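Spelled out, the chains give:
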Amino acid sequence: QVQLVESGGGLVQPGGSLRLSCTASASIFSFAVMGWYRQAPGKQRELVASITNGGRTTYADSEKGRFTISRDSAEKTVYLQMNSLKPEDTAVYYCNAEGRFPRPYSYWGQGTQVTVSS
């Protein structure tokens, strides 16, 4: 069973930065896509950013220019650098790994809380 462990969340003031880490128990290139999602209280979980095993990145419109997803294959880790944080970025952030071969799969981490507040 694949495990994803997130870290790096915390309390930050508006305009501040955080870097989230997601460390996998398997090679990150074994997953078709790895992504960061977030879920705020009372809202649905939404995609923040993703990266394919080929290196293609995708961002939600509200995060473009503020967030950057990257990876370190040697560390089996995917990062989410978050800059210019806003109170509306407050949420639990989850790491996800998914693909379709040899059969559809989707793995989730336990989540890390990010709170943006003065």
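Residues numbered from 1 in each chain as written. Predicted model: local features only at pLDDT ≥ 70, side-chain atom pairs only at ≥ 80, totals over all residues. Heavy atoms only, no water.

Under the definition given, this model contains 5 aromatic pairs. Here Phe31 and Tyr105 contribute two aromatic rings whose centre-to-centre distance is 6.3 Å and whose plane-to-plane angle is 55 degrees, an arrangement assigned as tilted. A residue pair is termed long-range when its members are at least 10 positions apart, and Phe31 in the loop between β3 (18–24) and β4 (33–39) and Tyr105 in strand β10 (residues 105–108) qualify at 74 residues. Among the residues examined, Phe31 registers a relative accessible area of 3% and is labelled buried. For Tyr105, a relative accessible area of 16% corresponds to the buried category. Taking the centre distance of 6.3 Å and the plane angle of 65 degrees together, the rings of Phe31 and Tyr107 count as edge-to-face. (Phe/Tyr/Trp six-rings, centres within 6.5 Å; stacked < 30°, edge-to-face > 60°. Helix = DSSP H or I, 4+ residues; strand = E, 2+ residues; numbered from the N terminus. Buried < 20%, exposed > 50% of the residue type's maximum accessible area, 1.4 Å probe, protein only.)

One pass over the full model with this rule turns up 6 salt bridges. In this structure, Asp89 engages Arg66 in a salt bridge whose closest nitrogen and oxygen atoms are separated by 2.8 Å. Taken as a pair, Asp89 in the loop between β8 (77–82) and β9 (91–99) and Arg66 in the loop between β6 (57–59) and β7 (67–72) lie far apart in primary sequence, 23 residues in all. When its relative accessible area of 10% is taken as the criterion, Arg66 is described as buried. One connected set of salt bridges, linked through shared partners, spans Arg38, Glu46, Glu63, Arg66 and Asp89. (Salt bridge = Lys/Arg side-chain N within 4 Å of Asp/Glu carboxyl O.)

What follows is about unusual backbone geometry. Between Phe101 and Pro102 the backbone carries a cis peptide bond, its omega angle lying at 0 degrees. Looking at the secondary structure, you find Pro102 in the loop between β9 and β10. Even without glycine at this site, Lys76 takes up a positive phi of about 55 degrees. Topologically, Lys76 is positioned in the loop between β7 and β8. The phi dihedral of Ser84 falls on the positive side, at around 50 degrees, and the residue is not glycine. On the basis of relative accessible area, Ser84 is assigned to the partly exposed category, the value being 42%.

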